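Fold and geometry: a report
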Amino acid sequence: MFKSLFLLIFAFSTQIGFSQSTQSPQFFAQCLVDITTTQQADELTLSLRSNPFVAVARVDWPTKRIFILTKDITSFTEVNFNSWLGTYASSASCIQVGLHGVDVVNPYPFINCNN
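Let us look at the structure shown here. In this text, all values refer to a predicted model and were calculated from it rather than measured experimentally. Just so you know, the residues in each chain are numbered from 1, in the order the chain's sequence is written. Residues qualify for local features only when their pLDDT is at least 70, as the model is predicted, and side-chain atom pairs are given and counted only at 80 or more; totals for whole chains, interfaces and linings, by contrast, use all residues. Note that water and hydrogens are dropped before the side-chain values are worked out from all heavy atoms of the structure.

**Looking at the overall build of the protein chain**
- Segments assigned H or I by DSSP are reported as helices when at least four residues long, segments assigned E as strands when at least two residues long, and all are numbered from the N terminus. Of regular secondary structure, the protein chain possesses three helices and four strands.
- Written out in order from the N terminus, the α and β elements of the protein chain read α-β-α-β-β-α-β.
- Exposed residues in this analysis have more than 50% of their type's maximum accessible area, buried residues have under 20%, and partly exposed residues fall in between, with area computed by a 1.4 Å probe over protein chains only. Taken across its 115 residues, the protein chain has 28% of its residues classed as buried.
- Any two residues whose heavy atoms approach within 4.5 Å are treated as being in contact. Within the protein chain, residue pairs in contact and separated by at least 24 positions form 60% of the contacts whose partners lie at least 6 positions apart.
- Here the open area of atoms and residues is found with the Shrake-Rupley method and a 1.4 Å probe, where only the protein chains shown may cover a residue. When the accessible surface of the protein chain is summed, it comes to about 7700 Å², and 59% of that surface belongs to carbon and sulfur atoms.

In structure tokens form, the structure reads like this:
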């Protein structure tokens, strides 16, 4: 009885560990964007949130800062992020892309921006 219970618990914990190790990495991206109205901020928020690879999307109107977390992808670059910004890509600056939980998210206000 105890041997069967132990094997069942071991098999379950092994399955949990396996499923956690096969999850996709989560990336983050942030930038500043030149938006001039709250309507633009709302439209951009809705556009980003409708992307099936975006887990979290925030467009902060007062600071004009965008922050996203990804889901279900194995790689993510600045080129990907820019394509997700659509027409706002040309006005994006201070872009940072990284691996969530590994790379440090630059704090706002951004300093030493190259773009």
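This is not the end of the story, as more comes after the structure.
**Comments concerning the nonpolar core**
- In this text, buried Ala, Val, Leu, Ile, Met, Phe, Trp, Tyr and Cys residues form a nonpolar core when linked through side-chain atoms within 4.5 Å. One finds Leu48, Ile66, Ile68, Phe76 and Phe81 to be the most contacted residues of the largest nonpolar core, which totals 21 residues.
- Secondary structure elements with two or more residues in this core: strand 1 (27-33), helix 2 (38-49), strand 2 (54-60), strand 3 (65-70), helix 3 (78-85) and strand 4 (92-99).
- The greatest single-element share of this core, amounting to four residues, is contributed by strand 1.
- Not counting chain neighbours up to four residues away, the residues in contact with Ile66 comprise Ala29, Gln30, Cys31, Val33, Leu44, Leu48, Arg58, Val59, Phe81 and Leu85.

**As for the environment of Ala29**
- Tracing the sequence through the fold places Ala29 in strand 1.
- Ala29 sits in the buried class, given a relative accessible area of 0%.
- When residues no more than four places from it in sequence are discounted, the contact partners of Ala29 are Ile66, Phe67, Ile68, Phe76, Phe81, Gln96 and Val97.

**Quick look at the sheet that holds strand 3**
- Taken in spatial order, the four strands make up an open sheet running 2-3-1-4, and their pairing is antiparallel. Two strands lie at the open edges of the sheet, namely strand 2 and strand 4, each paired on one side alone. The average angle at which neighbouring strand axes cross in this sheet is 10 degrees, direction not considered.
- Where strand 2 and strand 3 come together, six bridges link them in antiparallel fashion. Bridged to Asp60 within strand 3 is Arg65.
- Sheet strands in contact with helix 2 are strand 1, strand 2 and strand 3, and its direction is about 170 degrees off that of strand 2. Strands were regarded as paired on the criterion that DSSP finds at least two bridges between them. Axis definition: a line fitted to C-alpha atoms, over the contacting stretch in the case of helices. Angles run 0 to 180 degrees between N-to-C directions.

**Here's the deal with helix 2**
- Taking 1.5 Å per residue, 12 residues should reach 16 Å; helix 2 reaches 16 Å between its end C-alpha atoms and fits that length.
- Against the buried residues of helix 2 lie strand 1, strand 2, strand 3 and helix 3. The span one expects for a helix is its residue count, reduced by one, times 1.5 Å.

**Focus: the side chain of Thr70**
- Secondary-structure assignment places Thr70 in strand 3.
- Pairs of N or O atoms are called polar contacts if they sit within 3.5 Å, as long as, within protein, a hydrogen donor faces a hydrogen acceptor (for residues adjacent in sequence, only side-chain-to-side-chain pairs). A distance of 2.9 Å separates a polar side-chain atom of Thr70 from the backbone nitrogen of Phe27.

Everything listed here is a matter of coordinates, which is why it stays silent on function.
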